[in-house]
Every structure is written in C-alpha cells, then in structure tokens.
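Okay, here's what each chain looks like letter by letter:
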Amino acid sequence: MQSDAVGDSSSILIRFNRLIRSIIGNNASHIVFQVWEVQMLVDISDCIEARRASKKIFDDFLRVARRQIEETGQPPMLLSVYLDGRRRRRATRTPNEALP
C-alpha cells in the first residue's frame with residue numbers, strides 16, 4: 001500500500017494500534033487521519049460488511065499487519081489483500097496439505 005506520509009515503523013505501529021482500538025472499541029478518538037488510515041477503515045468496514053472476516057481471521061490479520069509494519073516501516077496491507085492472499089494459498093494447497 002502506498003502512502004503520502006510514511007514514518008518510522010514505531011510511529012506507524014502506534015497509529016495502527018490506535019486505529020484498531022478505535023474500531024474495536026467503537027470509539028472515534030481520531031480527528032485527523034492519514035490517507036492509509038482512511039483506506040484501512042473503509043476496507044475493514046467493507047470486509048466485515050461482506051462477512052469475509054471472522055474474529056479469528058481478523059486477529060490473524062492484526063498479527064501479520066503489525067509484523068509487516070515492524071519489518072518494513074510502511075503502512076500495513078489492507079484486510080482485503082490479506083484475505084485474497086489467504087484464499088489463494090488455500091486454493092493452491094493439495095488435499096494432503098489441507099489436513100491438520
């Protein structure tokens with residue numbers, strides 16, 4: 001995801017965590033959003049509305065997104081991108097790989 005305002009990984013992680021707390025707590029404490037945060041809000045809303053993301057999948061996404069921020073210093077991928085990648089990985093598994 002591209003952004004017009006990219007900072008270091010710790011500041012992006014702080015903004016990401018604050019954004020997620022706002023979503024989960026239904027508390028709009030933000031007044032000013034960066035472009036990537038607005039894109040993230042719209043994307044999460046669309047995915048939840050389409051019932052594409054369960055609580056477990058959303059928690060997995062948060063873990064992956066936080067790790068991505070720490071490793072790259074860039075805003076995280078969108079939830080829809082994560083879900084598409086997850087779907088593609090599942091579709092390419094052989095039947096034996098799908099077993100636990």
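None of the values given here were measured: they were computed from a predicted structure.

Points about the pattern of salt bridges
Reasoning step 1: Throughout the structure, instances matching the rule amount to six salt bridges.
Reasoning step 2: The salt bridge involving Glu-37 is made with Arg-15; its shortest N-O contact spans 2.6 Å. Here Glu-37, found in helix α2 (residues 35-49), pairs with Arg-15, found in helix α1 (residues 9-24); they are 22 residues apart in sequence, far enough to count as distant.
Reasoning step 3: Looking at Glu-37, the relative accessible area reads 0%, which means it is buried.
Reasoning step 4: Salt-bridge contacts for Arg-87 lead to Asp-84; the nearest nitrogen and oxygen are separated by 3.9 Å. With Arg-87 and Asp-84 both in helix α4 (residues 79-92) and three residues apart, this pair spans about one turn of that helix.
Reasoning step 5: Via salt bridges that share partners, Lys-56, Asp-60 and Arg-63 belong to a single interconnected network.

Focus on the nonpolar core
Grouped burial of nonpolar side chains is what soluble globular proteins tend to show.
Reasoning step 1: Counting residues in hydrophobic clusters, the biggest one holds 21 residues, and the most contacted among them are Phe-16, Met-40, Phe-58, Phe-61, Leu-79, Tyr-82 and Leu-83.
Reasoning step 2: Counting only elements with at least two residues in this core, the list comes to α1, α2, α3 (55-72) and α4.
Reasoning step 3: Take this core: its biggest share by element is seven residues, from α3.
Reasoning step 4: In contact with Phe-61, not counting residues within four places along its chain, are Phe-16, Met-40, Met-77, Leu-78, Leu-79 and Tyr-82.

Here we look at the packing of α1 against α2
Reasoning step 1: In contact at an axis separation of 11 Å, α1 and α2 are set at 35 degrees when each is read in the N-to-C sense. In this structure, α1 meets α2 at a crossing whose hand is right-handed. Residues Ile-12, Arg-15, Phe-16, Leu-19, Ile-20 and Ile-23 of α1 pack against Trp-36, Glu-37, Met-40, Leu-41 and Ile-44 of α2.
Reasoning step 2: Class assignment of the residues belonging to the contact of α1 with α2 gives a composition of nine nonpolar, no polar and two charged.

Rules behind the numbers
Residues numbered from 1 in each chain as written. Predicted model: local features only at pLDDT ≥ 70, side-chain atom pairs only at ≥ 80, totals over all residues. Heavy atoms only, no water. Salt bridge = Lys/Arg side-chain N within 4 Å of Asp/Glu carboxyl O. Helix = DSSP H or I, 4+ residues; strand = E, 2+ residues; numbered from the N terminus. Buried < 20%, exposed > 50% of the residue type's maximum accessible area, 1.4 Å probe, protein only. Core = buried A, V, L, I, M, F, W, Y, C linked by side-chain atoms within 4.5 Å. Contact = heavy atoms within 4.5 Å. Axes fitted to C-alpha atoms, helices over the stretch in contact; angles between N-to-C directions. Left-handed = near helix turned anticlockwise from the far one by under 90°. Nonpolar A, V, L, I, M, F, W, Y, C, P; charged D, E, K, R; others polar.

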